[in-house]
Amino acid sequence: MPRSKKFRRARLIVLVLVVLLVAAVGGGGYWAVSAVRASFPDVDGSVTVAGMSAPVDVKRDANGIPQLYADTPEDLFRAQGYVQAQDRFWEMDVRRHVTSGRLSEMFGSSQVETDTFLRTMGWRQVAQQEYDTQLSADTKKYLKAYSDGVNAWLAQHPGGQSASLEYALLGTVNSGYKPEAWDPVDSVAWLKAMAWNLSGNMQEEIDRSLLSQDFAPEQIAQLYPAYPYDRNGTIVKTGTVGTDGTYKPADGSAAPTGAAQGRAASNALFTDISAKMAALPQLLGPQGQGIGSNSWVVSGDHTTTGKPLLANDPHLGPGLPSVWYQMGLHCRTVSAGCAFDTSGFTFAGMPGVVIGHNQKVSWGFTNLGADVTDLYLEKVTGPDTYLVDGQNVKFQTRKETIKVAGGADRTITVRSTDRGPLISDQSSEQQTVGKYAPAGNAAPDRAQGYGVALQWTALTPGKTMDAVFKLDRAANWTDFRSAAADFAVPAQNLIYADTSNNIGYQAPGMIPQRTKGDGSYPAPGWDSSYGWKKDFVPFNSLPYSFNPKNGYIVTANQAVVDPTYPYLLTKDWEYGTRAKEITDLIDGKLKNGGKISPDDMQSMQLDNTNVMAQTLVPLLLKVQINDPYVREAQDLLKDWNYHQDAYSAAAAYYNGVWRQLLTLAFGQKFPADLRAKGDCLLVRQKSNNTLPDDAIGGAAHPVTECGTRDAHFAQPDGGDRWTEVVRQLLGNPKSTWWDYIDSNHVQQHGLNNLLAEAMKDARQDLTAQMGKDISTWNWGRLHSLTLKEQTLGTDDSSIASGLVHKLLNRGPYQLSGGSAAVNASGWNAAAGYQVDWIPSMRMVVDLSDFNASRWINVGGASGHAFHANYNDQTALWAKGELLPWAWSADAVEKATKHKLVLSAQ
């Protein structure tokens, strides 16, 4: 909607203020410096915090990472809330407005559409249900203490005054906004954002449906090939599920004790399945295939330290402030009454530590990728009804009122089926899915397209918040599995190590059992035989491994088990390239009795080998290139070691060729719904999936067709699935996928011709971007990362202009790595070379000496722009370096640069 003159005038004021501010800062202006510094937290001295029963020490190192010491768990989490609010309250405030669908209250009418999606999904309502009916009394007590700490800080900074630069900016366009008190449910609701971004194959289900408008099922199957079990393996050797429902490992794992198994099983069954879904801002990065993580753990039998080593680097979208927040939570005396002594990574706005270690165990996460979302085509028969088994059934409806800063309230109606909300009411893409998705001959009349409903596990109330606190207190494998049993969403691969030299793996999560179908395509909602069973896969039936004979466990989003496992976890695994590379690196170190050191773990995280290039480059070098201009670039690939170093010209050219190959073979043929905005092609209007036989001009008038999809989600993205697609098609040089339209708009055929065209197009593309002189080329110039301030929104939908963002963003940084590399600095080949997902943090935990552990964040501890700790870790992260991770009280004290005491009233 067009903005008012008042808004545009206010926005201009924002620009003027910021320009003056930064200009004055650059010139040492006293007003500007004091205005910015006024928002920085006090990190030395003493401050009174309401509710404290005794003083809490907050010790910060040179990077601003806080370590908290308290006498009771309530004081500990109260202090955590206070300290996180000091550093990140603006970020916390924006996040809770996202998860509750209330962004319009802060930013005005530009956010109404986003809020509509969020309200349709109803995260906040489900989080409230979890808090009211699922969580333990201790968890509620800790959440309440955390909220009290946040609110104690907010009481000292009423209305956000002097709280952050962003509140000053917001005040120029929304002067009436005042932050409200923090509520425990605000923290619980953040788990829904995690679940959304890590929710499995929903994007693949959507894409397959959209591809159906142009391609036959067998063609689509070629674009989603079977997982290469023989080549890339699985996380665990697939065991069996006994008649009692208990999973039995097949890899030499020791069985858990009866106590652990029984306690875990009691929490494994969940009922009253309902799910809601809608699109929303990608708070953790682009959703779908390609987004993953690495983790692995090596037994002390194979390490130089004699105890396990554990590494983890979750792959998420980049941004500022950093999605992770590093901190330590320590009871001064660890006892049954105060059992927390843990350090690691968490999220601002959520108590506890999500990934890290305590005094006994360490744990890490990667995305399991379980299929926990299903689309249903619904035949809508009227405003209030839809069809099921030939009968009209009434929608469940509710009204949601969206308050809009500077504008009138908006009221929406959410219609839900028994399976979930009708997301096509709110999403144009979902309406397209309903228009084109295959439905079968027995389907009712499509008319203008079906409605689309979605069922999703994340909106069944669960106990994941209980699991976080249990992990923080876990002392052994039994405790760890008990915590995993409560980890409902998002379903993750959990790895484990302890100081007694045990290692392990557990698959947790709510994973549906389908009555019919496999979730690959939308199911017919009018047929009640499709759906989910009452119970999820029982926890004691889920795969695990404990002290496997090979002495290590690797999880990198590959298949957990092979198809002999009796339950369907998903058919859309990541394809295992990173997992196989990590496994090969470990095996190489262990060959002939070798041992793995902490330095080895760190160097493995930085491995940037392009595995697909090992197959493709020899084929590229065999292609006869007559043009010396192109042959000069082709020669870069000779003697290349396949490492995607930032300074490598060969890596730059190879990835340019890879991008052009994907465009020619697939992107040219894809519907606009899958291609990136701005990707425009001259095409004939298509009535089927047959490409033109000759020139694209001719008798039929060509039309320009431009992509419509956000670049983050465009296809072909070039990720691990596409390496497998191309790998399999290379065996058929005459496949019709190798047909393409050349630069003269003439159709060509055959693999060799396409490879030659890709090399020519890549030479032209890289010349346009980096110049004719190939000696100046390098991968990092193309493959750069800019950390963008996320909480103020985009230039076209927020209070922030491009200039404001440039002042708050950091970068660009030239990066090594690539999408399917272990050093997974991902980029979307359909959109460009810029990095759009990254190892969001890295850690290497040494179970022989926690003080020898190492960690790094992509940004910094502070959410305050221009603060010294805003992005002070970024340059180190970009170079692959890790910071020392102080753990013991003595080590923390030695590293302390600032000490703040939170005193009782």
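This is a predicted model, so every value here is computed, not measured.

1. A short note on the overall build of the protein
A tally of helices and strands in the protein yields 27 helices and 35 strands. By residue count, 62% of the 905 residues in the protein fall in the buried class. Here the analysis covers contacts within the protein between residues at least 6 apart in sequence; of these, 74% occur between residues at least 24 apart. By element, 50% of the accessible surface of the protein is carried by carbon and sulfur atoms, the whole surface being about 32100 Å².

2. Re the state of the cysteines
According to the stated counting rule, one finds two disulfides in the structure shown. A sulfur-sulfur distance of 2.0 Å marks the disulfide that ties C331 to C338. With the S-S dihedral at roughly -80°, the linkage between C331 and C338 falls on the left-handed side. Take C331 and C338: they sit in the same class, and that class is buried.

3. Points about the sheet that holds strand β9 (residues 341-346)
Strand order across the open sheet formed by 11 strands is β1-β35-β2-β3-β8-β9-β10-β11-β19-β20-β22, with mixed pairing between neighbours. Strands at the two margins of the open sheet, each flanked by one partner only, are β1 (45-48) and β22 (544-546). Averaged over neighbouring strand pairs, the angle between their axes works out to 15° when direction is ignored. Pairing between β9 and strand β10 (residues 355-358): four bridges, direction antiparallel. Residue pairing in the sheet places S343 in a bridge with H357 of β10.

4. Structural notes on unusual backbone geometry
Peptide bonds are trans in most cases, and residues, glycine excluded, mostly fall at negative phi. Across the junction of L320 and P321, the peptide omega takes the value -5°, indicating a cis bond. For P321, the location among the structural elements is in the loop between β7 (309-316) and β8 (325-331). At the junction of Q715 and P716, the peptide bond is cis and its omega measures out at 0° in the coordinates. Within the secondary structure, P716 sits in the loop between β25 (703-706) and α22 (720-729). The backbone phi angle of N557 is positive, close to 70°, even though this residue is not glycine.

5. Concerning the nonpolar core
Grouped burial of nonpolar side chains is what soluble globular proteins tend to show. Counting residues in hydrophobic clusters, the biggest one holds 229 residues, and the most contacted among them are W456, Y653, Y654, F666 and L902. Apart from the residues lying within four places of it in its own chain, the contact partners of F666 are L223, P716, W722, V725, V726, L729 and W737. If you look at the next biggest cluster of nonpolar residues, it comprises seven residues, including A488, M510, A523 and F536.

6. Comments concerning the pattern of salt bridges
Overall, the coordinates contain 42 salt bridges when judged by the stated rule. The salt bridge partner of R96 is D186, with a shortest N-O separation of 3.2 Å. Placement of R96 in helix α3 (residues 73-99) and of D186 in helix α9 (residues 184-197) is noted, with a sequence separation of 90 residues between them. Looking at R96, the relative accessible area reads 4%, which means it is buried. The shortest N-O distance in the salt bridge between R514 and D371 comes to 3.2 Å.

7. Observations regarding the packing of aromatic side chains
According to the stated counting rule, one finds 42 aromatic pairs in the structure shown. Counting every residue linked through ring pairs, the aromatic cluster contains Y247, W477, F480, Y496, Y544, F546, Y565 and Y567. Lying across the ring of Y69, K59 places its NZ or CZ 5.2 Å from the centre.

8. Observations concerning the sheet that holds strand β15 (residues 391-394)
The strand order β13-β14-β15 describes an open sheet built from three strands, whose pairing is antiparallel. Each end of this open sheet is capped by a strand with a single partner; those strands are β13 (380-382) and β15. Pairwise comparison of adjacent strand axes, ignoring direction, gives a mean angle of 45° for this sheet. By the bridge criterion, four bridges tie strand β14 (residues 385-388) to β15 in an arrangement that is antiparallel. Its bridge partner lying in β15, V388 is registered against Q391.

9. So, the pairing of strand β2 (residues 56-60)
Most of β2 sits inside the fold, with five of its five residues counted as buried. Residues V56, V58 and R60 line one face of β2 and the alternating positions D57 and K59 line the opposite face, and both faces are buried. Pairing between β2 and strand β35 (residues 898-903): five bridges, direction antiparallel. Among the inter-strand pairings, V56 is bridged to a residue of β35, identified as L902. With four bridges connecting them, β2 and strand β3 (residues 66-70) associate as antiparallel partners. From the neighbouring strand, V58 faces β3, where its bridge partner is L68.

10. Points about the side chain of D186
What makes D186 buried here is its relative accessible area of 7%. A distance of 3.2 Å separates the side chain of D186 from the side chain of R96, its partner in a polar contact. Only 2.4 Å separates the side chain of D186 from the side chain of R124, close enough to count as a polar contact. Beyond its immediate chain neighbours, meaning those up to four positions away, D186 contacts R96, R124 and A181.

11. What to know about the environment of L154
Structurally, the position occupied by L154 is in helix α7 (residues 137-156). By relative accessible area, which is 9% here, L154 ends up buried. A sequence separation of 26 residues divides L154 from E180, and the C-alpha atoms of the two residues are 8.8 Å apart. Once residues lying within four places of it in the same chain are set aside, the contact partners of L154 are F89, P179, E180 and A181.

12. Comments concerning the packing of helix α15 (residues 464-473) against helix α16 (residues 477-485)
Remark: α15 packs on α16, axes separated minimally by 8 Å, with the N-to-C direction vectors making an angle of 170°. In terms of axis orientation, α15 runs roughly antiparallel to α16. Crossing angle aside, the handedness with which α15 passes α16 is left-handed. Residues A467, K470 and L471 of α15 form the contact with α16, whose own contacting residues are F480, S482 and A483. Along the lines of polarity and charge, the residues of the contact of α15 with α16 split into four nonpolar, one polar and one charged.

13. Some points on helix α18 (residues 598-605)
By the criterion of burial, α18 is predominantly enclosed, with six of the eight residues buried. Looking at the buried residues of α18, the elements they touch are β6 (293-298), β7, α17 (577-590), β32 (841-846) and β33 (854-857).

14. With respect to the packing of α7 against α15
Packing of α7 against α15 brings their axes to within 9 Å, and their N-to-C directions diverge by 90°. Accordingly, the angle class assigned to the pair α7 and α15 is roughly perpendicular. Residues T139, Y142 and L143 of α7 lie in contact with α15, whose contacting residues are M465, D466, F469 and R473. Within the contact of α7 with α15, the residues separate by chemical class into four nonpolar, one polar and two charged.

The rules behind the values
Residues numbered from 1 in each chain as written. Predicted model: local features only at pLDDT ≥ 70, side-chain atom pairs only at ≥ 80, totals over all residues. Heavy atoms only, no water. Helix = DSSP H or I, 4+ residues; strand = E, 2+ residues; numbered from the N terminus. Buried < 20%, exposed > 50% of the residue type's maximum accessible area, 1.4 Å probe, protein only. Contact = heavy atoms within 4.5 Å. Areas by Shrake-Rupley, 256 points an atom, 1.4 Å probe, with all protein chains shown as cover. Disulfide = S-S within 2.5 Å. Pairing = 2+ DSSP bridges. Axes fitted to C-alpha atoms, helices over the stretch in contact; angles between N-to-C directions. Core = buried A, V, L, I, M, F, W, Y, C linked by side-chain atoms within 4.5 Å. Salt bridge = Lys/Arg side-chain N within 4 Å of Asp/Glu carboxyl O. Phe/Tyr/Trp six-rings, centres within 6.5 Å; stacked < 30°, edge-to-face > 60°. Lys NZ or Arg CZ within 6 Å of the ring centre and 35° of its normal. Polar contact = N/O pair within 3.5 Å; in protein donor to acceptor, adjacent residues only side chain to side chain. Parallel < 35°, antiparallel > 145°, perpendicular 65-115°, else oblique. Left-handed = near helix turned anticlockwise from the far one by under 90°. Nonpolar A, V, L, I, M, F, W, Y, C, P; charged D, E, K, R; others polar.

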